[in-house]
Amino acid sequence: MKASDQPRTYRVKSFGCQMNVYDGERMAELLDARGIAPAAEGEEADLVVLNTCHIREKAAEKVYSDIGRITKAGRAAGKRPLIAVAGCVAQAEGEEIMARSPAVSMVVGPQAYHRLPDMLDRAVAGERATDTDMPAIAKFAALPDRRRVAPTAFLTVQEGCDKFCTYCVVPYTRGAEISRPFNDLVDEAKRLVEAGAKEVTLLGQNVSAWSGEDSRGRVQGLDGLIRELARIPEVQRIRYTTSHPADMDEGLVAAHGEVEKLMPFLHLPVQSGSDRVLRAMNRSHTADSYLRLLERFREARPDIALSGDFIVGFPGETEAEFEETLALVDSVGYAQAFSFKYSPRPGTPAATMEGQVAPEVMDERLQRLQAALNRDQLAFNRASVGRTCQVLVERRGKHPGQWLGKSPWLQSVWFSEKGGSHCAIGDMVTVRLLEGGPNSMRGQVIGGK
Ligand code: SAH
Ligand code: SF4
Ligand code: F3S
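Thresholds, definitions, all that
- Residues numbered from 1 in each chain as written.
- Chains lettered and ligands numbered in written order.
- Predicted model: local features only at pLDDT ≥ 70, side-chain atom pairs only at ≥ 80, totals over all residues.
- Heavy atoms only, no water.
- Domains from an automatic or database assignment.
- Contact = heavy atoms within 4.5 Å.
- Buried area = accessible area lost by both parts, 1.4 Å probe.
- Salt bridge = Lys/Arg side-chain N within 4 Å of Asp/Glu carboxyl O.
- Polar contact = N/O pair within 3.5 Å; in protein donor to acceptor, adjacent residues only side chain to side chain.
- Near = heavy atom within 4 Å.
- Nonpolar A, V, L, I, M, F, W, Y, C, P; charged D, E, K, R; others polar.
- Pairing = 2+ DSSP bridges.
- Helix = DSSP H or I, 4+ residues; strand = E, 2+ residues; numbered from the N terminus.
- Axes fitted to C-alpha atoms, helices over the stretch in contact; angles between N-to-C directions.
- Core = buried A, V, L, I, M, F, W, Y, C linked by side-chain atoms within 4.5 Å.
- Buried < 20%, exposed > 50% of the residue type's maximum accessible area, 1.4 Å probe, protein only.

A. A look at the domain arrangement of the chain. As far as domains go, the chain holds domain 1 (9–131), domain 2 (139–383) and domain 3 (388–445). The distance between the C-alpha centroids of domain 2 and domain 3 comes to 26 Å. Taken residue by residue, the interface counts 18 residues in domain 2 and 20 residues in domain 3. Taken together, the two surfaces of domain 2 and domain 3 that pack against each other cover about 1500 Å², and 56% of this comes from carbon and sulfur. At the boundary of domain 2 with domain 3, the tally comes to zero salt bridges. Here domain 2 and domain 3 share nine residue pairs in polar contact (both at pLDDT 80 or more) between them.

Written as structure tokens, this is what we have:
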């Protein structure tokens, strides 16, 4: 391969979960620190980082078609862009991508992206490099400081997963569960608020499994970390995601009742309402233990909004077992939720289980499940009408004077400025919720910051 010019501009495209969004931001910061600038909108970048997701269907195909599109658009603009494939597809299929796609000069896994600048030097010199090592958490120490951020910021506190749900690739793409040290996280949260963040969302594939030693050497769980972050005056809101029912302890339940800055929202995936399916998924909880857990959160924080993830059509799932999922949904009353058709992932135990469910059956189940979840989301939003709450302003709306922000319950809220007073991104305003739609609320500002 020929040597390339030093890239002047970059674009990072992140797919998948919030962890990938966080990693994408950190890669952008690494490139900024190298004096490479983000490409302007509509402009072809000299360097494109595809930060990929492997969780469901056609992940690799999508990467190849993106590579084709980038190469073609670059050529039309008279460029030969450098392409890096990062993220979970890079981890799972890096070697294959290198072999199949000569346009790619760098493949870098989720635990190795701090080495991107070195790889870039080699790519500029005409070499191709793959780095899918999993050094324990080394990357964080090698990353530059946080730069200016939006009012809502992600903070990865825990990575990897030891749960091995039988359908899931994450334990293979992200490696074993590792917690970042307490003090590093407190420092990074301080940097984030100095850089403009008001709300910090703590991220981990199993965020509730986080543990660490505080500055006095005491072992803390996620609740201890949350309590410490709540002491930082500029941190106004704290959220966390995603949790596994097996790691939710009393301390975390109690924190929801006691820490005002911890928002009344819990995303707790359940996947299925059938105990037989949950066992086959290796979920280590039952439908009933999950429901009892939610009850404890509701006791601690009666207005808590609940969210979940669901998979329909897991191998062997019968109509009756699927109906158990619908029954669970009915009894919880989710404020929002994500639901997916089961997708066989190469190398996972479920992919070779008997009783793979036909696509049309999955389609039909997904439709019924989503109808139930949409019904409950609308009901939750309608039940919020009349509430007064704080809204963190995230962006402008389409019309002049219109803004969009989030309620404590993670609802999107549209509202207009009060005559004479002006909002800005990052303001915390008091809003009365006036109308509840399927995906958002409309409100009216009744007070300032
Ligand atoms: N660590 C988190 C997130 C995992 S991925 C957790 O445990 O919740 C997010 C969601 O994707 C999962 O909760 C699950 O609902 C879905 N998912 C994962 N693997 C899948 C697969 N093979 N097919 C369909 N959905 C899947
Ligand atoms: Fe995947 Fe299960 Fe781990 Fe979540 S807990 S990342 S679904 S293996
Ligand atoms: Fe996707 Fe990897 Fe996240 S597979 S969901 S980007 S951990």
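B. Region of interest: the site of ligand 2. With respect to spatial proximity, the complete set of residues near ligand 2 consists of Cys161, Lys163, Phe164, Cys165, Tyr167, Cys168, Val170, Pro171, Asn206, His244 and Arg283. In terms of residue class, the shell around ligand 2 is made up of seven nonpolar, two polar and two charged.

C. Quick peek at the sheet that holds strand β2 (residues 37–38). An order of β2-β1-β3-β4-β5-β6 is seen for the six strands of this open sheet, with the pairing classed as parallel. A single partner strand is all that each edge strand has here, and the edge strands are β2 and β6 (129–131). Lying over the sheet, helix α1 (residues 18–33) contacts β1 (9–14), β2, β3 (47–52) and β4 (82–86), oriented at roughly 170° with respect to β1. Contacting β3, β4, β5 (104–108) and β6, helix α3 (residues 87–100) runs over the sheet at an angle of about 135° to β5.

D. Spatial organisation of the sheet that holds strand β17 (residues 388–396). Pairing in this closed barrel of five strands is mixed, and the strands run β17-β18-β19-β21-β20 around the ring. Here the average twist between neighbouring strands, direction ignored, is 55°. Relative to strand β19 (residues 412–416), strand β18 (residues 402–406) runs antiparallel, the two sharing five bridges. Bridge pairing links lysine 406 to serine 412 in β19.

E. Fine view of the site of ligand 3. The full set of residues close to ligand 3 is Cys17, Asn20, Cys53, His54, Ile55, Cys88, Arg174 and Gln205. Grouping the constituent residues of the shell around ligand 3 by class yields four nonpolar, three polar and one charged.

F. Examining the nonpolar core more closely. Leu202, Tyr240 and Tyr334 are the most contacted members of the largest nonpolar core, which has 79 residues in total. It is helix α7 (residues 182–194) that provides the largest number of residues to this core, a total of six residues. Dropping the residues within four chain positions of it, tyrosine 334 is found in contact with Val270, Tyr290, Leu306, Ser307, Gly308, Phe310, Leu328, Val329, Leu373, Asp376 and Gln377.

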